[in-house]
Amino acid sequence: MTQSAVVIEDEADIRSLISLVLESAGYAVHTADNGLDGVELVRRVSPEVVTLDISMPGIDGYETARRIRRFSATHIIMITAFVQESDAQEGLDAGADEYLRKPFRPRELRARIEALTTTRRPE
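Residues numbered from 1 in each chain as written. Predicted model: local features only at pLDDT ≥ 70, side-chain atom pairs only at ≥ 80, totals over all residues. Heavy atoms only, no water.

A short note on helix 5 (residues 106–117)
Here is the rule: Secondary structure elements are taken from DSSP: a helix is a run of H or I of four residues or more, a strand is a run of E of two residues or more, and numbering for both begins at the N terminus. One less than the residue count of a helix, multiplied by 1.5 Å, gives the span that helix is expected to have. Exposure classes here rest on a 1.4 Å probe applied to the protein chains alone. A residue is buried below 20% of its type maximum, exposed above 50%, and partly exposed in between. Directions from the helix axis toward the C-beta atoms define the arc. The contact rule is simple, with two residues in contact once any of their heavy atoms fall within 4.5 Å.
Relative to the 16 Å expected for 12 residues at 1.5 Å per residue, helix 5 spans 17 Å between its end C-alpha atoms, a close match to the ideal helical length. Along helix 5, the residues that are buried comprise Leu109, Ile113 and Leu116. When helix 5 is viewed along its axis, its buried side chains cluster within an angular range of 65° and face the same direction. On its buried face, helix 5 sits against helix 1 (12–24), strand 4 (75–80) and strand 5 (98–101).

Encoded structure:
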């Protein structure tokens, strides 16, 4: 059974890069370009991992993470250009498991995904 991942990112080129990294790690990837659609996609797909941008149209990534956490224990990695320590703390407080700054290295993203998914989240 193939594991799935959801990429929630409004920039098409970054969404494609993240999808490529996840596909190379063996995930079936589903994408959304905004938070509201992303939340519904997570609800439908029940992915193992979600990557999430902060600055998106509609609801931001913090609110998206909070809404996902209401019904899912998926692993959430925020990937964002927001680089202040307070931004990272807000992301973690909203429910993210990891916070990765843009620009990111694809190998680092893959390593973080592998580290997260080898530890089981409490249900």
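Once you've had a look at it, read on.
A word on the sheet that holds strand 4
The line we're drawing: Here a strand pair is declared whenever DSSP counts at least two bridges between the two strands. Inter-axis angles, ranging from 0 to 180 degrees, are taken between N-to-C directions of lines fitted to C-alpha atoms, where helices are fitted over the stretch in contact.
Taken together, the 5 strands give an open sheet; going across it, the order is 2-1-3-4-5, and neighbouring strands pair in parallel fashion. Either end of the sheet is taken by a strand with one partner, and the two such strands are strand 2 (28–32) and strand 5. The sheet shows a mean angle of 20° between the axes of neighbouring strands, direction not considered. Pairing of strand 4 with strand 5, which is carried by 4 bridges, proceeds in the parallel orientation.

A word on the environment of arginine 43
Within the fold, arginine 43 resides in helix 2 (residues 35–45). Look at arginine 43 and you get partly exposed, because its relative accessible area is 44%. C-alpha separation for the pair arginine 43 and isoleucine 68, spaced 25 residues apart in sequence, amounts to 7.8 Å.

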